Amino acid sequence: MKTIYVLLFLMILTSCKNNSTKAITIKEDIAVLASDAYEGRETGTKGEQEAAEYISKRFKDLGLEPKGTNGFFQTFSFKPKTDPHSEVSYVTMAEDSTITGTNILGFINNNAEQTIIIGAHYDHLGFGSEGSLYRGKEKAIHNGADDNASGVAVMLDLISKLKNANKSNNYLFMAFSGEEMGLLGSNYFVKNPTIDIKKANYMINMDMVGRLKADSTLAVYGVGTSPRFKQSLMANNTRFKLIEKESGVGPSDHTSFYLSDIPVLHFFTGQHEDYHKPGDDSDKLNYEGMEAISNYIFDVISDLDKAGKLQFRKTKNESEETPRFKVGLGVIPDYMFDGKGMRIDGVSEDKPAQKAGLQKGDIVIKLGDSTIVDMMSYMRALSVFNEGDSTKVIVDRNGKQIEVDLKF
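Predicted, not measured: the structure shown is a model, and the values here were computed from it. (Residues numbered from 1 in each chain as written. Predicted model: local features only at pLDDT ≥ 70, side-chain atom pairs only at ≥ 80, totals over all residues. Heavy atoms only, no water.)

### A short note on the overall build of the protein
Alright, step 1. The helix and strand tally for the protein stands at 10 helices and 16 strands.
Alright, step 2. Its C-alpha atoms give the protein a radius of gyration of 21 Å, near enough to 22 Å, the size a compact globule of 408 residues would have.
Alright, step 3. If one aligns the C-alpha atoms of the protein with their principal axes, the spans along those axes are about 65 × 50 × 40 Å.
Alright, step 4. Scored against the burial criterion, the 408 residues of the protein give a buried share of 55%.
Alright, step 5. Surface summary for the protein: the accessible area is close to 18700 Å², and the carbon and sulfur share equals 48%.
Alright, step 6. Separation of charge centres in the protein, based on 48 positive and 56 negative side chains, amounts to 2 Å. (Helix = DSSP H or I, 4+ residues; strand = E, 2+ residues; numbered from the N terminus. Rg over C-alpha atoms; globule rule 2.2 N^0.38 Å. Buried < 20%, exposed > 50% of the residue type's maximum accessible area, 1.4 Å probe, protein only. Areas by Shrake-Rupley, 256 points an atom, 1.4 Å probe, with all protein chains shown as cover. Lys, Arg positive; Asp, Glu negative; His and termini not counted. Charge placed at Lys NZ, Arg CZ, Asp CG, Glu CD.)

Below, the structure written as structure tokens:
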């Protein structure tokens, strides 16, 4: 059945190539990329390689020029880390105990001086590799519909929008491999670029843009990496409740470009209970929301097109200030919440929060002796506790303050 499913969509691709009036939709791209046929697209696996073939064919049919080292592909081999604090070791050729990832790169050449890089990672966790939050006994495919078939599909949608517009820049579109293993594909590219990296104007990254919530909250990271970004984001926003983050450093591929002194913007619709679990499937995505995000990014790019070469600006690395802690509540924080406190977006089974009776939607306003006003104050409060400690937690639940006893 898996083979038939993939063949069906390859037939769709062929039909669309021969009929320019029928474009492939974001939903159709995600249906392929997040299907069981690709077995979770873990870096270096057969499923990831088949997904790479699909994306490269989409690039070709959309009229992009190949910009890899072998057609659309840029492969890289590495030895998996044994020490979590060490750097990954890239190798010049694949050998025993190495993994080979594949970036996919396509180019719109407008004969411009500068190039805008637009990217999204397409790898995920396979059957639940390191990073999975799934605790079931049976192995299960992690299809990664939101993480990150959604970003790839929006990137593909932007190609058709930008192909005949905004010719003041060239465009390099990149589907990254190895993101889940530590931003490996983007890191490899900036060290081994297939364009003149000094002529990169700015980079746009989309990672988990598939679950826009009812309040249309959209997080944009990296807004401080160029003085021009905030103006364009605000001037073109008619739909979203924006949560803006200054820093160019974060847990996705834009970080690799920021560290190479390239302005970056990273778009994100928030974490959820299916993050890094088998439940991250295509039927749970907000497709109208993704269309709106694609249109918004296009409008921002169009506005920035008038600005010429953007100035790069370093930002404070917020991750360096993040406290270290030995325990956790066992919750998924709502990173999109901009009120006072830390809102819970999901509660893990058999963890301290669930045992204490905390619920999704609760807003933690006090943890022990510490008042919680945001994520940073929550992490600082958490950092003082050790396993076995007990404390009191006060939450706001639908406007009513509730105090519970909690043991780590």
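Okay, back to it.
### A few points about the confidence of the model for the protein
Alright, step 1. Per-residue pLDDT for the protein averages 90, and the proportion of residues at 70 or more is 91%.
Alright, step 2. Contacts from residues 15–21, a stretch scored under 50 in pLDDT, to residues over four places away or in other chains number 3 contacts. (pLDDT = per-residue confidence, 0-100. Contact = heavy atoms within 4.5 Å.)

### Notes on the packing of aromatic side chains
Aromatic rings in a pair are described by how distant their centres are and how their planes are angled relative to each other.
Alright, step 1. Under the defined criterion, the tally for this structure stands at 14 aromatic pairs.
Alright, step 2. Each ring, one from F176 and one from F257, has its centre 6.0 Å from the other, and the planes form 55°; the classification is tilted. Highlighted residues: F176 in strand β6 (residues 170–176) and F257 in helix α7 (residues 254–258), separated in sequence by 81 residues.
Alright, step 3. According to the relative accessible area criterion, F176 is buried, its value standing at 0%.
Alright, step 4. Clustering of aromatic rings is evident, with ring pairs tying together F76, F78, Y90 and Y188.
Alright, step 5. The ring of F127 has K139 lying over it, and the distance from NZ or CZ to the ring centre is 4.6 Å.
Alright, step 6. Stacked on the ring of Y258, the Lys or Arg K314 has its end atom at 6.0 Å from the ring centre. (Phe/Tyr/Trp six-rings, centres within 6.5 Å; stacked < 30°, edge-to-face > 60°. Lys NZ or Arg CZ within 6 Å of the ring centre and 35° of its normal.)

### So, the nonpolar core
Alright, step 1. Residues I30, F59, I118, F173 and F267 are the most contacted members of the largest nonpolar core, which totals 61 residues.
Alright, step 2. What F59 contacts, discounting residues up to four positions off in sequence, is L64, F72, I104, L105, G106, M155, L156, I159 and F173.
Alright, step 3. By size, the runner-up hydrophobic cluster in this structure holds 23 residues, among which are L358, M375, V393 and V404. (Core = buried A, V, L, I, M, F, W, Y, C linked by side-chain atoms within 4.5 Å.)

### Some remarks on the packing of helix α4 (residues 145–162) against helix α8 (residues 287–304)
Alright, step 1. At a minimum axis separation of 10 Å, α4 and α8 run at an interaxial angle of 50°. The angle between the axes of α4 and α8 places the two elements in the oblique class. Considering the relative orientation of α4 and α8, their crossing is right-handed. From α4, S150, V154, D157, L158, K161 and L162 reach across to α8, where they touch M290, E291, S294, N295, I297, F298 and I301. (Axes fitted to C-alpha atoms, helices over the stretch in contact; angles between N-to-C directions. Parallel < 35°, antiparallel > 145°, perpendicular 65-115°, else oblique. Left-handed = near helix turned anticlockwise from the far one by under 90°.)

### Some details on α8
Alright, step 1. If you check α8, its first and last C-alpha atoms are 26 Å apart, about what 18 residues at 1.5 Å a residue would give, namely 26 Å.
Alright, step 2. Where α8 starts, the residue carrying a side-chain oxygen 3.3 Å from the main-chain nitrogen of E288 turns out to be N286. (Expected span 1.5 Å × (residues − 1). Polar contact = N/O pair within 3.5 Å; in protein donor to acceptor, adjacent residues only side chain to side chain.)

### Focus on the pattern of salt bridges
Alright, step 1. Applying the stated criterion across every chain yields a total of 19 salt bridges.
Alright, step 2. Note that D274 is salt-bridged to K284, the shortest N-O span being 3.2 Å. With a gap of 10 residues between them, D274 in the loop between β10 (264–268) and α8 and K284 in the loop between β10 and α8 connect regions that are remote in the sequence.
Alright, step 3. The network of salt bridges with common partners includes K213, D334, R343 and D345. (Salt bridge = Lys/Arg side-chain N within 4 Å of Asp/Glu carboxyl O.)

### Observations regarding the side chain of S77
Alright, step 1. The topology assignment puts S77 in strand β2 (residues 73–79).
Alright, step 2. A polar contact is formed between the side chain of S77 and the side chain of T100, at a distance of 2.7 Å.

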